[in-house]
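# Observations on the model geometry
Below are the chains, spelled out letter by letter.
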Amino acid sequence: MELQGARIWAGGIVQGVGFRPFVYNLALRYELSGWVRNTSAGVEIELDGPRAGIEAFYQALQAEAPALAHIDELRLEWRPANGFQDFEIRHSEAHAAEFQPISPDVSLCDDCLRELFDPQDRRYRYPFINCTNCGPRFTIITDIPYDRPNTTMAGFTMCPDCAAEYANPHDRRFHAQPLACPVCGPQVWLEGAEQNDGRVEGDAAIIKARELLLEGKILAVKGLGGFHLACDATNPDAVRELRRRKLRVDKPFALMMADIESVSTHCLLSPVERALVERRERPIVIVRRRPDTPVAPETAPGQNTLGVMLPYTPLHYLLFARPDAAPPAFDLPPLVMTSGNLSEEPICSTNEAARARLSALADAFLMHNRPIHMRCDDSVVRMFPALRLEQEKKQTSGLYPLRRARGFAPDPVRLPFDLPPLLGAGAELKNTFCLTHRRYAFLSHHIGDLENLETLESYEQGVEHFERLFRIQPQAVAYDLHPDYLATRYALARAEREGLPAVGVQHHHAHIASCMAEYGLSAGTPVIGLAFDGTGYGEDGAIWGGELFLAEYASYQRWGHLKYAPLPGGDLAARQPWRMALAWLYTAGLDWDEDLPPVRYALDQPDVPFPPLEALRGQLRSGINCPATSSMGRLFDAFAALIGVRQVVNYEAQAAIELEARLDGRELAFYPFDLQEGIIDPAPALRGALSDLRAGVGVPVIAARFHNGLAKLALEACSRMRAESGIKKVALSGGVWQNSYLLTVSVGLLQEAGFEICLHRQTPANDGGLSLGQAVVAAAKLDGIGRAALG
């Protein structure tokens, strides 16, 4: 039989996912000889064997790849046979300047979960059990190739039993880099917030932690990407105390529930939402709460939804499970699992930082000694049904991301074109950064709001880590036009220091471009872009946020926008919606009658140093510290205040979120918006709401009519732009489109009218997806870089 040789190269997420043992066993199946190895660029395979066997191997490589693998490129080159006698797995080889995607962290697999609670297994109740199919990846890797010396597990020497599993290609733990057991691996312990509180180690620590949670205590629990602050979510006193200590007044807490049956007990789940909760990424999923759930209302004040997730580490499962039960009985109530930090600070990721920063927040610490190299928050998603075109393409997961972090980062966005090495610096709020190279856009994990030194340092560490990990040295940087954003200052300073081109990208253009890129639109494809959000620096110096664009990657035309209104007090108006309500009434020429909720609120405030109502009226008349804004987010604030939902807020978009929570989804009537020469005037809607309010129409109906009116406006605006331009694709981006009701009604109307909708499915519609759009726009604008790359 004549032997043929072949060389195969696989690129994508092919390391740390069981790919080499898969290749090894595939070669044995088809009786092929040769070798496989990891490199900095992917996986290399050399084969000798009959041509038919190699061809069958190549087909199986694509059809049967491990569940966690994502093959982006696969190349085969025929060559003469090399005379290999057997098949082996060779040591990894580093290639300078080459890179590859890295697997995100993966929730505990079913096999490891079964072993975790098997009294006969040597890893019984071991809180760091993992295998090739699960466990930490991104949060422990320090460099590529993904081998144990390049992870934070390098300091743990494997015992003989673990070493044997690690070296056995037929074992589920073959080359599982975080591999460990109670003999040789990381350990867990419980310590008090005070130094003299003592320490409990091993399984006893977990049992004691359960007892403290049931007693109403607050625990700091070290997880995959950082610390959580945990308490009993059914204990109102514990939840209130956590809010007091964390300085988090109303913003909803995330909850962890033991299993899907528990989630179904406390929440109303559609089949799609159930599938989202059970995804291996284990995101926090926003779902409707059951009216009779014992979960404390204080977990999500003013909301009819809860953010829930399932356990994703062995330690989580052990906390929920009664220690003396086999099979496991999960008897712990739902837990609050919120980021382990003070409000606005980065999540704590080291034991030392947790002791220093969380000792005033937690009664005790459930610690371990496996280092976290890169902090990473939990991801947040909600369900939005598959669009018609997605259904045709069998893309029906229904995932709509709100925060992209653990489980999803650093999995790249695959682009429809090649890009050079670029850095998109991101925005101020919900910051992420983005590094591009070839057809990959490596969007970072959620960094947070860049409003303090600690978060800026976390941002800079993240950029440095991604550049090293993916071997990307940016040839240009892209930044937001707002001159005071810390991300903008970082980008400009770096560009000057390294002599790089720096490209300013308008905030809402970046929003639309981000949606276009992840949707896979090719260069030169124009869209109608509806960029609705809270704030973004406009090219005329105003604060934009209700934008109607005709856009492609390289440029955009501002076809229209929400009518400008004054923003009295600047950022203060975003924190005090009553100001925006009265500013919009002033703009619309409507009186500030004393029966209106925002007027009553202002009259009830102390006259220090001046009566607030008169001070505001004088400010609006003079225009002092009243920048112009077309922000749709501030219009939501105004309506919420106008009808008495919320006059002041203590977290971003609180008024709009509570306005949506109050609406009656059965209401079909709507308030009209005027659209003349591209200017959206909400005055008719304001008058309609005032009339209904005084007629005794309830808040739920008024709120619904406002939302319905905006959806009708979106349809009218898109129809007019299509008539002028012939464009049928519509991209919806910006934080306002996280409003599930508005998105649902708008998409329904637009699809019925024959528009093709581009939605965010991989990156958030909020500023968390902005950096991707910045990088793509910058590439399109840069002569010799972007235009060549984008064709």
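Presented here is a report on the structure given in the accompanying data block. (Residues numbered from 1 in each chain as written. Predicted model: local features only at pLDDT ≥ 70, side-chain atom pairs only at ≥ 80, totals over all residues. Heavy atoms only, no water.)

With 182 residues, the main nonpolar core has Phe 19, Phe 57, Leu 61, Tyr 459 and Leu 530 as its most contacted residues. No other element matches helix α22 (residues 699-725), which puts 12 residues into this core. In contact with Leu 61, other than residues within four places in its own chain, are Ile 8, Phe 19, Phe 22, Val 23, Leu 26, Ile 45, Ile 71 and Leu 74. (Core = buried A, V, L, I, M, F, W, Y, C linked by side-chain atoms within 4.5 Å. Buried < 20%, exposed > 50% of the residue type's maximum accessible area, 1.4 Å probe, protein only. Helix = DSSP H or I, 4+ residues; strand = E, 2+ residues; numbered from the N terminus. Contact = heavy atoms within 4.5 Å.)

Scanning the model with the defined rule gives 4 cavities of 30 Å³ or more in all. As for the largest cavity, its lining consists of 19 residues, of which Pro 127, Leu 224, Thr 313, Pro 314 and Arg 370 are closest to the centre. The class makeup of the residues in the lining of the largest cavity is 11 nonpolar, 6 polar and 2 charged. Estimated volume of the second largest cavity: approximately 80 Å³. The wall of the second largest cavity is formed by 14 residues, among which Gly 16, Gly 18, Phe 19, Arg 20 and His 175 lie closest to the centre. When residues in the lining of the second largest cavity are grouped by element, the largest group, 3 residues, is from helix α1 (residues 19-29). Looking at side-chain class alone, the lining of the second largest cavity contains 6 nonpolar, 7 polar and 1 charged residues. (1 Å grid on protein atoms, 1.4 Å probe; cavity = no way out; pocket = protein on both sides within 12 Å on 5 of 7 lines; lining within 4 Å. Points joined across faces, edges and corners; volume = space filled by probe spheres on them. Nonpolar A, V, L, I, M, F, W, Y, C, P; charged D, E, K, R; others polar.)

Right, let's talk about the layout of surface pockets for a bit. If you add up the space inside the second largest pocket, you get close to 940 Å³. Taken together, 35 residues line the second largest pocket, and the ones lying closest to its centre are Arg 279, Ser 397, Asp 411, Arg 761 and Gln 762. Elements represented by at least two residues in the lining of the second largest pocket include exactly α11 (388-392), β17 (399-403) and α14 (507-519). With 3 residues, β17 is the single largest residue contributor to the lining of the second largest pocket. Of the residues belonging to the lining of the second largest pocket, the class tally is 13 nonpolar, 10 polar and 12 charged.

Strand order across the open sheet formed by 5 strands is β4-β1-β3-β2-β5, with mixed pairing between neighbours. This sheet does not close on itself; its edge strands, each paired only once, are β4 (70-79) and β5 (87-89). Ignoring strand direction, the axes of neighbouring strands in this sheet form an average angle of 15°. Note that strand β1 (residues 4-13) and strand β3 (residues 42-49) share 7 bridges and pair antiparallel. Of the residues in β3, the one forming a bridge with Arg 7 is Glu 46. Across the sheet, α1 touches β1, β2 (33-39), β3, β4 and β5, and the angle it forms with β5 is around 175°. (Pairing = 2+ DSSP bridges. Axes fitted to C-alpha atoms, helices over the stretch in contact; angles between N-to-C directions.)

Once that is clear, we can look at the side chain of Glu 115. Position of Glu 115 among the secondary structure elements: in helix α3 (residues 110-116). You can call Glu 115 buried: its relative accessible area is 13%.

Moving on: the environment of Phe 227. Tracing the chain through its elements places Phe 227 in strand β9 (residues 227-232). Judged by its relative accessible area of 0%, Phe 227 is buried. Between the C-alpha atoms of Phe 227 and Asn 341, which are 114 residues apart in sequence, the distance is 7.9 Å.

It is the contact of helix α16 (residues 577-588) with helix α18 (residues 612-622), at a shortest axis distance of 11 Å, that shows an interaxial angle of 50°. Judged by the inter-axis angle, α16 sits oblique to α18. With respect to the hand of their crossing, α16 and α18 are arranged in right-handed fashion. Seen from α16, the contacting residues are Trp 578, Arg 579, Leu 582, Ala 583 and Tyr 586; seen from α18, they are Pro 612, Leu 613, Leu 616, Gln 619, Leu 620 and Arg 621. Across the contact of α16 with α18, the residue classes break down as 8 nonpolar, 1 polar and 2 charged. (Parallel < 35°, antiparallel > 145°, perpendicular 65-115°, else oblique. Left-handed = near helix turned anticlockwise from the far one by under 90°.)

In this section: the pattern of salt bridges. Pairs can form between side chains of opposite charge once their charged atoms are near each other. Under the criterion given, the structure shown has 53 salt bridges. Between Glu 278 and Arg 274 there is a salt bridge, with the nearest N and O atoms lying 3.8 Å from each other. One end of the pair, Glu 278, and the other, Arg 274, are both in helix α8 (residues 271-278), 4 residues apart, so they sit about a helical turn from each other. With its nearest N and O atoms 2.2 Å apart, the salt bridge here joins Lys 430 to Glu 652. Of this pair, Lys 430 sits in the loop between β18 (413-424) and β19 (434-443) while Glu 652 is found in the loop between α19 (632-642) and α20 (654-662), placing the two residues 222 residues apart along the sequence. Here Lys 430 falls in the partly exposed class, since its relative accessible area comes to 23%. (Salt bridge = Lys/Arg side-chain N within 4 Å of Asp/Glu carboxyl O.)

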